[in-house]
Each structure stands twice: as structure tokens, then as C-alpha cells.
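Each chain, written out:
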Amino acid sequence: MLVEDKKQTEQKKYFRTQMRTDPDMASAVAAIRTLLEFLRRDKGETILGLRESLKWATDCLTRVDSSVAVSSGGELFLRFISLTSLEHQDLARCKKVMEERGELFLEKISLSRTKVAKLCHTFIKDGAKILTHSYSRVVLRVLEKAAAEKKRFTVYVTESQPDTAGRQMAEALRRLGVPVTVVLDAAVGYVLEKVDLVIVGAEGVVESGGIINKIGTYQMAVCSKAHNKPFYVVAESFKFVRLYPLNQQDVPDRFKYKADTLNNVSELSKEHPVIDYTPPSLITLLFTDLGVLTPSAVSDELIKLYL
Amino acid sequence: MADCGEANGPERKNEIVRAKNEEKELTKEEKQRLRKEKKQQKKQKEKKDDKGSSEKSGREKTLDPLSASQVLSTQSPTQKVPASAPIPVPPSGAPSHSSGAPSHSSSGAPSPADKPAKSKAELKAERRARQEADRASKQQGSSSSSKTKAPASDLNPVVKRLPEHVQVDDPAVVKRLAKKLERQQIPLRSDYGYKVSLFSHLHQYSRKAPLTQLLSIPSSVIHPSIVRLGLQYSQGIVTGSNARSVALLHAFKQVIMDYSTPPNEELSRDLVNKLKPYISFLNQCRPLSASMGNAIKYIKKEISNIPSQYKEEEAKTKLLECIDKYIDEKVVLAAKAISKYAIEKISDGDVILVYGCSSLVNHILCEAFDKNRKFRVIVVDSRPRLEGREALRRLVQIGISCTYVLISALSYVLPEVSKVFLGAHALLANGYVMSRVGTSQIALVARAFNVPVLVCCETYKFCERVQTDSFVSNELDDPDELMVTRKGKTQLEDWHDLSTLGLLNLVYDVTPPDFVDLVITDLGMIPCTSVPVVLRVKNVDQ
């Protein structure tokens, strides 16, 4: 037990350092770096044992950061590295192969944001008014690319309580020289008649093609549908997760609240969830590094990734 | 003369467009006249331009299948349109028509009777001449005349043939079917009662006249277990997609056990031929379901893959094993896998709505109850089958608290429902769900109330067919079942006497994928639109 605890604290420290050194990195990428390091330091004797310990490590990380992306990223990492022939007799050689695959995976996903930005920026026309929700680094990257292409656009950002992450987004956009307005979460319906399109990020993309994102996204999607404005989602492919929620209540508790809340609070029903689920019928298109997908195509991609 | 045909082309086109827009219906005489005139035009065109314009003659050749009323045509509308050209002829008279038939001068309307008589001999001579020319040119290897044949034969495979059971109003098809059954020594079942016109292309049989009454005892052609199975199907003793397929497979096991290879025959070929009349017989008793179709395909494949060096006993044991394995994998284990996924979706305090009696849904609910989930069930039922009563009986027996309503009370109970679980008869390749009639109504109203609809279906019920409405292919049950006797009085007792009254007892309907939130299969939970992906993956596996 003590050994495990020690490993756990070591892991958590490594994870936190990763997050701190590069605040622009997605939490899932930091998690995968941690897992790779864990793989390197692991002293297991069998491949099955290795896999078990990686699963355990992913669990630990979700207890630090309960976002959907960490758990999906971890699972995809595990799948990717074991999706090769591990028939070598020597365990050290197998491990080396897995480590190499892990590096490859990490490389691929660090390029995914650029790919997404390249696909999405063409949908932003000159003079467009964009509405976005809370602070999303992928959306920021897309808007950076569009600005670099000399497009003129204005952005409305929701304040996004309870952590007012929207203000952070506004700051970053101001630094780019993009005219930005911060609006209240309650003013989404009011502002929608002025905007041309809505772009949001996602914490997780589920099997049905819907997304899990910061609370307030579902509202925005319903209002955009009512106003007939396109609702675009930008997400990297490691956020695809094997979940199939039917409605808001069907999302598992471990994703709904922040990790500290889950660990410390006993009465979860008194806590307010920080994410919500947007069904696929309200989403126009998803921009991922696998291409531009319609919500029904997400399931096909998931089948390819996971089966 | 020949040129005037070409020159008046654009003029003719306008009339064609007009005729198409007017959408005049073609009567039988007009169709015959059409055919004759088409032949005329073809001859003239061949005469004047033997090797050229291969498309035109190819087009005209493919116009012939038009006479069959319901052939799916992949031809463009412009190709169909020349057929309607002669329609303005009767009202408008000569000019437009004569342009198409150069053998007549521009004087008044030629009598249709003259034309065929005059050119029948000509036609024959021309045809013979053309055949000789084709044969000669084929030997030379020139492509131009074979080109005239090529587009026709290219287009032929594209025109799919409809299954016979949806062409009952076409006498040619019915005759063909009768001949086939005569060959196989199976009695033909006759249709019963007045058929509603929208469904006149389907069979409608009476329960009181089962096919087995027309068989001689002992029947030498049909194996007795198949006769029993046919009776059970037609009388409704064995119902439900899974039950029918499993019963079919058990009957086939019996057939295989009693089978002995005749001398000078190979088991792999002869057994398949033996099964064909059985399948026709069962089809006559009750149309085959999609799951039964897939099971039969599997058996036929297994039988034909038996290597010839197997001895009879070995081959038979292997086949029996295959059938057992199929039932085990596709039905029993699939049900277990589906229950595992479905139980994740049932939470405590749920109110679940089910429709009719689906063996799979009942299994899921029983398993969930065994795993101590707290939920209650609302069973929705409908006439005339009242299958919900069977489901209600099964659920109450193990202790689930249930409510029973008829489908007319659906919108009344839906506000308190949290999920709807539906079974399926088949899942079509475009994502539509084919199930018991009433299912699409439940899905529609549930969508209006924002209640999630979950369909549970094993993968062996997935079929390659595509259907967007419930009319094209369905099953008509005995219309007398709709009569109800209450307090000694039978309503609709003498419905046969009223010539304008039709009773419609549909069995299936299709639900569009927009109304279905989730499909639970043994491969996992997929959205309705991903059914073709699963079919693709399955085909790759096989």
C-alpha cells in the first residue's frame, strides 16, 4: 500500500508540474505525458501487469482532474500503444516499443490543435460576429489563426460563472487585437440575433455525437437552434469518449463535478454541476483533427478508434 | 420522313414535358398502344440510322420494362418521358404523333389498328435482318452494334427485381409464383377478402384456411416438422421474431437428422435443394421475417461449405453443431450482452414504458430486477393482438410493479415516463426500425414529450433492405380479426357484404431514425444512423 501511495503522490506531483510549466497545454496532454513517464519508470514484469498499472494510473489522474478529456485521453493512449504486435520475447523490448508508440501518440496530439485551427478558420468570414462560451484554448487557437489570416471579426464571450473563465478568454483576445465584449450568461438569448455563428470547445465528445462542455453550453445550443444560427464545436480527437448519455441526468457523477468536490464533499446533490451535455441534434458541425464531421459521423469514427 | 422525326424532336419534347406535368394515368389499352408505337419508332430509327445513336435505341429498349407497374427504375425521368409522348395523341390528333411515326404522312390521325397490322411482317423482317447484322458485326468484333446492346444489358443489372410478395397485383408475377409452387408440389394459398387499395400489392390470407388443410396426408414432399411449424406460424401460435427463428432452426435440425443422401448425389448440393420447397411452404404459411431470412442464408452457406470428403454422419453432426452455435451466439449470448448494456441505462426510480411483447425487452427488465434496480413499468397494448397481456403476465410474475394501458392512452401516461424501451423486428440499412405496428406512434409521441427512446435489437436482425415507409413492404393479417364480439353482438359481422368497406390489419411499421435516441446491440450502444457501419463491419468479418 505504501508503495502505491508513494507512486500516486509522485504521479500527482509530476502531473501538476506539467500543467504549470505549460498552461497552454490541454490537461489531457499533460495526463498523457504523465502516463508516458509512468510507463518509463514502471518496473512491472508482465505486459498484462503493465496494462493494469497504466489503468490504475489513469484512475489516479482522474481523481486529480476530473475532466472527461483526461479519462478519454488515458484510455486512447492505452489503446494506441497496445495496438501493435507485442510478440517479442523480451519484456524490455516490448516496453521500448510501447514507449515509442507513446511518443508518437504524444506527437500526433500536440499537432491536433493546429490541424483543427486550419480546418475551422475558413468558416469565419470577414466581418463575422462570433459568440463563444467560457475559456477554451482550442477556440482561442482557431481565432488566432483567423486573425493571422487578416480576417476582421468581433467576438462575444460569456462570463461563464462560477469561475468567470470568460474574462480570461476576453483578456487573451484583447491581446490579439480582436474586439471583444463580455456578456452575462443570462444574456445569450439577447445577443444571439446579432451574431453570425457560435463556436465552442468541448471537454468530451460522446458516442452519439453530442458534447460535454462547461455548463451553459446546452443553453447556448438551444438558443442558436431557435435563432437558426450555426453551432460549431471544435475538439481534438483524443476527447472522443465511450459514453452515451440520454439526457442531462445520464452523465456520470464523476464528470459532473470538480475533482476536489468529489473527494471532499459527502452530499453531492447539494453541489452544482460544472458541465452539461449538448445533444447532437443541436450541433451543426464538429471540427476535429480527423476532419470536419457531422454529429452522426462521430459514431463511425469512434467505432474505428475503439474497435 | 426519317428526318422529320429528328427535326420535330424539340417540339415533341415540349409536348412530352406537358404530358408529364399533366400526369395522365396510363390505362391498359394506352399502355399496349404505347408499346406498339415504341416498337415502330425503334424499327424506324434502326432503319434510318443503323449504327449511330446507340444511346437512343438503348434507351428505347429499356423503356420496355416500364410496362411492369412497379419496377424500380434507375433511368432518368427524361428516359421515361418519351413513353408519355403518345398521351396527347388522342386529344391533339395527328401532327405530334405523325412526327414520331414516319411511316405515316402528315395527313390526319392514323388509325392505330392499321399500323400494327401493316408493319408486323415488316417488323419481323427487320428484326431478323438486325439479328443477322448483329451476329455478323459481333464476329467482326465491331463495337457499334454491340454498343446498342451494351447499354441495355448494362442497365439491366441496375434495374433490381422486386421480391414477389410485394407484387401481388401483377398477374404475371402471380402466375410465375403459381408455376413455381406447382413444380415444388406445394399448394397455393389464395387471398381472402377485399384488400384496401393502398395495400393491394400484398398478400392477405385468412387464418381459418391454413395451408395445411390443402396438403395430402401423409405429405411426401414436406417434412412433418416443417408442416407443424407452418401451422404454428399461420395460426399465430409461434410469434415474435426470435421465437420464429429459433423454431425454424430447430425444425431444420430435425430435417437434417432425418435426411439421408440419395445415391449419386452430394449432401452439400442436394440438401440445399431439399430445403427450397420447405422455405416456399413456410413463406406461404406466413411471410418470412428478416431474422429468419438471415438464419436461412447462414444455414445454406454452411451446408454448401461442407467439404465433399465428409461422410454423411460427420456432415450431419457438423451441421447440427453449427445450428446450435448460431442459436447460442446470436440469440442467447446476444441477449446477455444487450442486458448488460441496457442495465447501465436503467437507474433507480425509473418509469419504463414498453410496447407489446418483445422477448428481448422482457429479458432485460427481468435481469435488471434481479440486479435490484428499483423501477416500475408501464405496458402499452393494442388491438387486435393484445400481446401486451403476455408481457404483463411475465413481468408481474417476477414481481415488477406494472401498469397496463391501451395505446390510445399513450399521451396521458407519457409525462410520468422516464424512458421507452422498444423491441425490433428488423433494423434496415438506412437506420429505420421495423417493428410491430404502433411502435412508430409510440416513438413519435415520446419524442414530442422529450422522453428518450431506446431500441434493443440483436445484430442478426440487421438486414440490407432500405425502406422509408410502411406501405412498400408489409404484412396483412386476417381482416376478420378486427371483428369484436361484445355482449353477444359482433360488430362488423357482415363487412363482406358492403362493397365499399375494407378492413386493414397491418402487422409491421417503420420508425425513422430521428425518433430513436439509442440502439442497443450486442456490439454496444450505437446511434440509429450507424447501422450501415455495423453491417459493413459484419460483412468484412464474414
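Remember, it's a predicted structure, so these values are computed and weren't measured experimentally. (Residues numbered from 1 in each chain as written. Chains lettered and ligands numbered in written order. Predicted model: local features only at pLDDT ≥ 70, side-chain atom pairs only at ≥ 80, totals over all residues. Heavy atoms only, no water.)

We now examine the overall build of chain A. If you tally the helices and strands in chain A, you get 13 helices and 10 strands. Taken over the C-alpha trace, chain A has a radius of gyration of 20 Å; the compact-globule value for 307 residues is 19 Å, and the two agree within 12%. Taken along the three principal axes of its C-alpha coordinates, chain A extends 65 × 45 × 35 Å. A burial count over chain A gives 52% of its 307 residues as buried. Long-range pairs, those at least 24 residues apart, make up 74% of the contacts in chain A with a sequence separation of at least 6. Of the roughly 14600 Å² that chain A leaves accessible, carbon and sulfur atoms contribute 52%. Counting 44 positive and 39 negative side-chain charges, chain A places the averaged centre of each group 4 Å from the other. (Helix = DSSP H or I, 4+ residues; strand = E, 2+ residues; numbered from the N terminus. Rg over C-alpha atoms; globule rule 2.2 N^0.38 Å. Buried < 20%, exposed > 50% of the residue type's maximum accessible area, 1.4 Å probe, protein only. Contact = heavy atoms within 4.5 Å. Areas by Shrake-Rupley, 256 points an atom, 1.4 Å probe, with all protein chains shown as cover. Lys, Arg positive; Asp, Glu negative; His and termini not counted. Charge placed at Lys NZ, Arg CZ, Asp CG, Glu CD.)

Residues and elements named next belong to chain A. Between helix H2 (residues 27-41) and helix H5 (residues 91-110), the least distance of the axes is 10 Å, while the angle of their chain directions is 165°. Classed by the angle they form, the pair H2 and H5 counts as roughly antiparallel. Between H2 and H5 lies a crossing whose hand is left-handed. The residues of H5 that touch H2, namely those facing Val 29, Ile 32, Arg 33, Leu 36, Leu 39 and Arg 40, are Lys 95, Met 98, Glu 99, Gly 102, Glu 103, Phe 105, Leu 106 and Ile 109. Here the contact of H2 with H5 is built from residues that sort into eight nonpolar, one polar and five charged. (Axes fitted to C-alpha atoms, helices over the stretch in contact; angles between N-to-C directions. Parallel < 35°, antiparallel > 145°, perpendicular 65-115°, else oblique. Left-handed = near helix turned anticlockwise from the far one by under 90°. Nonpolar A, V, L, I, M, F, W, Y, C, P; charged D, E, K, R; others polar.)

The next point concerns unusual backbone geometry. Across the chain, the bulk of peptide bonds are trans and the bulk of non-glycine residues have phi less than zero. A cis geometry characterises the amide bond from Gln 161 of chain A onward to Pro 162 of chain A, with omega recorded as 5°. Going from Arg 383 of chain B to Pro 384 of chain B, the amide bond is cis rather than trans, its omega being -5°. Looking at the secondary structure, you find Pro 384 of chain B in the loop between strand E2 (375-381) and helix H17 (388-398). Its identity is not glycine, yet Ser 160 of chain A carries a phi of approximately 60°, on the positive side. Tracing the backbone through its elements, the reader meets Ser 160 of chain A in the loop between strand E2 (153-158) and helix H8 (165-176). A positive phi angle is found at Asn 372 of chain B, which is not glycine, with a value near 65°.

All told, the structure shown has 36 salt bridges over all chains when counted by the stated rule. Among the ionic pairs, Glu 37 of chain A bridges to Arg 41 of chain A, the shortest N-O distance being 3.0 Å. With a gap of four residues between them, Glu 37 of chain A and Arg 41 of chain A both fall in helix H2, about one helical turn apart. Residue Glu 37 of chain A is classed as buried on the basis of its relative accessible area of 16%. Taking relative accessible area as the criterion, Arg 41 of chain A reaches 40% and is therefore assigned partly exposed. The closest approach of N and O atoms between Arg 242 of chain A and Glu 207 of chain A, which form a salt bridge, is 3.4 Å. Of this pair, Arg 242 of chain A sits in the loop between strand E7 (231-234) and helix H11 (253-256) while Glu 207 of chain A sits in the loop between strand E5 (204-205) and strand E6 (211-214), placing them 35 residues apart in sequence. Overall, Glu 207 of chain A belongs to the buried group, its relative accessible area being 6%. Three or more residues are tied together by salt bridges with common partners; here these are Arg 207, Arg 385, Glu 387, Arg 436, Asp 477 and Glu 481 of chain B. (Salt bridge = Lys/Arg side-chain N within 4 Å of Asp/Glu carboxyl O.)

Here we come to the packing of aromatic side chains. Throughout the structure, instances matching the rule amount to eight aromatic pairs over all chains. Taking the centre distance of 5.6 Å and the plane angle of 75° together, the rings of Phe 123 of chain A and Tyr 232 of chain A count as edge-to-face. Here Tyr 232 of chain A lies in strand E7 and Phe 123 of chain A lies in the loop between helix H6 (112-120) and strand E1 (128-133), a separation of 109 residues in the sequence. For Phe 123 of chain A, a relative accessible area of 30% corresponds to the partly exposed category. Chaining the aromatic ring pairs together yields one cluster made of Phe 123, Tyr 232 and Phe 287 of chain A. Lying over the aromatic face of Tyr 233 of chain B, Arg 244 of chain B brings its terminal NZ or CZ to 5.6 Å of the ring centre. Above the plane of the ring of Tyr 341 of chain B lies Lys 340 of chain B, whose end atom (NZ or CZ) is 5.3 Å from the centre. (Phe/Tyr/Trp six-rings, centres within 6.5 Å; stacked < 30°, edge-to-face > 60°. Lys NZ or Arg CZ within 6 Å of the ring centre and 35° of its normal.)

The next thing to look at is the interface of chain B and chain A. Each side of the interface is counted separately: chain B has 12 residues, and chain A has 10 residues. Between chain B and chain A lies a buried interface of about 1000 Å² when both sides are counted; carbon and sulfur atoms form 59% of it. With its nearest N and O atoms 3.1 Å apart, the salt bridge here joins Lys 345 of chain B to Asp 250 of chain A. Taken together, the links from chain B to chain A amount to five residue pairs in polar contact (both at pLDDT 80 or more). Of the residues contributing to the side of chain B that touches chain A, the split by class is seven nonpolar, two polar and three charged. (Buried area = accessible area lost by both parts, 1.4 Å probe. Polar contact = N/O pair within 3.5 Å; in protein donor to acceptor, adjacent residues only side chain to side chain.)

Take it as geometry only, folks, not as evidence of what the structure does.
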